Amino acid sequence: MFFIKEEHGDVIVEIVDLTRATLNEAEEFKQRLAEDIEHGHKKLVADLSLCEFIDSTFLGTLVISLKKVTSLGGDLRLVGFQPAVHSMFELTRMYRVFETFNTREDAVLSFS
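Everything quoted here is computed from the prediction, not taken from an experiment. (Residues numbered from 1 in each chain as written. Predicted model: local features only at pLDDT ≥ 70, side-chain atom pairs only at ≥ 80, totals over all residues. Heavy atoms only, no water.)

**Points about the packing of aromatic side chains**
- The full count for this structure, using the stated rule, is five aromatic pairs.
- Measuring from centroid to centroid gives 6.0 Å for Phe-89 and Phe-98, while their planes differ by 75°, and the two rings are edge-to-face.
- Given a relative accessible area of 5%, Phe-98 falls into the buried group.
- Taken together, the ring pairs connect Phe-2, Phe-3, Phe-29 and Phe-58 into an aromatic cluster.
- The ring of Phe-53 has Arg-20 sitting right over it, with the charged end atom 4.3 Å from the ring centre.
- One Lys or Arg, Arg-77, reaches over the ring of Phe-111 and ends 3.9 Å from the middle of that ring. (Phe/Tyr/Trp six-rings, centres within 6.5 Å; stacked < 30°, edge-to-face > 60°. Buried < 20%, exposed > 50% of the residue type's maximum accessible area, 1.4 Å probe, protein only. Lys NZ or Arg CZ within 6 Å of the ring centre and 35° of its normal.)

So, in structure tokens, the structure goes:
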């Protein structure tokens, strides 16, 4: 199990329990987020604080999921960037697309 789901009221937090999030895990994560959305959850948080690295495929999964949930009036917010992940988001300018937080609690509370 690479992903851990937590429910905080109407906010779903998907914790990515990987040091390297790559193509190998991207499809499973995309499915998990799609299932959350299909079950009517519109407030999603992806916790990347354990990830030391994410590749472009995994980043693409986050973008696809963000588009899907925002089209339904929801949002996908991110938490916990380690240095290499932070650099990836800066290089790709994805920090402009996602709302990011330092702690899981801050991300969850941001939906209030």
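Read on for the rest.
**As for unusual backbone geometry**
- Look at Arg-93: it is not a glycine, yet its phi comes out positive at around 60°.
- Of note, Arg-93 is situated in the loop between α3 (83-91) and β7 (100-101). (Helix = DSSP H or I, 4+ residues; strand = E, 2+ residues; numbered from the N terminus.)

**Let's talk about the nonpolar core**
- With 27 residues, the main nonpolar core has Val-16, Ile-54, Phe-58, Leu-62, Leu-76, Phe-89 and Phe-98 as its most contacted residues.
- At the level of elements, β2 (11-16), α1 (23-38), β4 (43-47), α2 (56-70), β6 (75-79) and α3 are the ones that each hand at least two residues to this core.
- Ranked by residue count, the leading element in this core is α2, at six residues.
- With residues up to four places along the chain from it excluded, the contact list for Val-16 reads Phe-2, Phe-3, Ala-21, Phe-29, Asp-47, Leu-48, Leu-50, Cys-51 and Phe-58.
- Core analysis: the next-biggest nonpolar cluster, separate from the first, contains nine residues, Val-13, Ile-15, Phe-101 and Val-108 among them. (Core = buried A, V, L, I, M, F, W, Y, C linked by side-chain atoms within 4.5 Å. Contact = heavy atoms within 4.5 Å.)

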